[in-house]
Amino acid sequence: KGVEKFTDLEGHPAREAVELLAGAGVVAGDNGKFRPDDVITQAELIAMLVKSQRPDREYRAGAAAGKEPWYQRYYDMAASMGIIQYGEKPNPDAPVSREFLARLTVHALGLYQAARLGDIYLLNFADAGEIADHLRGHVAISAGLGLIEPLEGKFMPKAPVTRAEAAVT
């Protein structure tokens, strides 16, 4: 099977990242569209992170198919992988903020222990005071590693993340 082509990525700066993820089975289109500029939901992000950690797995509904929402298996796997905490129930339809993206990405990379030491990081963003205290380390690591780029000297922690931005991260 060839790499899925998306009709709405022509000339989009995230095209290469999205096609790479599609080729690895991490993202899929919806009727040939990726919807790069739509805001990504928490369930979509968690599914993407789980699939990126285990790209060789098939993700089919289990015995409870039809009884559980589509994202439940991803939440369960994300908890077992340390991406979210056991018992945590992210709002599946809620938009992902930049600081939430930082948190889950840092957890997916296995850097939680370093990130939780938020007091040791210097945040040189004009809006550093808007970053939740418990996410300071996550933001510092994600920005320091170049996973989430500051915009004009700001991190914009509460700003929504598009599907394209999540794919690039």
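Our structure is the block above this text.
Figured I'd write up the structure that's included with this text. Not measured: the values here are computed from a predicted model.

What counts and how
- Residues numbered from 1 in each chain as written.
- Predicted model: local features only at pLDDT ≥ 70, side-chain atom pairs only at ≥ 80, totals over all residues.
- Heavy atoms only, no water.
- Helix = DSSP H or I, 4+ residues; strand = E, 2+ residues; numbered from the N terminus.
- Buried < 20%, exposed > 50% of the residue type's maximum accessible area, 1.4 Å probe, protein only.
- Lys, Arg positive; Asp, Glu negative; His and termini not counted.
- Salt bridge = Lys/Arg side-chain N within 4 Å of Asp/Glu carboxyl O.

## Considering the environment of Gly-129
Okay, step 1: Structurally, Gly-129 is set in the loop between α5 (112–115) and α6 (136–144).
Okay, step 2: Residue Gly-129 is classed as exposed on the basis of its relative accessible area of 78%.
Okay, step 3: Along the backbone, Gly-129 and Pro-157 are 28 residues apart, and their C-alpha atoms lie at a distance of 9.8 Å.

## A short note on unusual backbone geometry
Okay, step 1: Unlike most non-glycine residues, Arg-35 shows phi in positive territory, near 60°.
Okay, step 2: Mapped onto the elements, Arg-35 comes out in the loop between α1 (15–23) and α2 (42–53).
Okay, step 3: In the Ramachandran plot, Met-156 falls in the positive-phi region, its phi being about 55° despite a non-glycine side chain.
Okay, step 4: With respect to the helices and strands, the residue Met-156 is situated in the loop between α6 and α7 (163–168).
Okay, step 5: Given a relative accessible area of 32%, Met-156 falls into the partly exposed group.

## As for the side chain of Asp-127
Okay, step 1: With respect to the helices and strands, the residue Asp-127 is situated in the loop between α5 and α6.
Okay, step 2: Notably, Asp-127 is buried but unbridged: the nearest opposite-charge side chain belongs to Lys-154, and the N-O separation is 6.1 Å.

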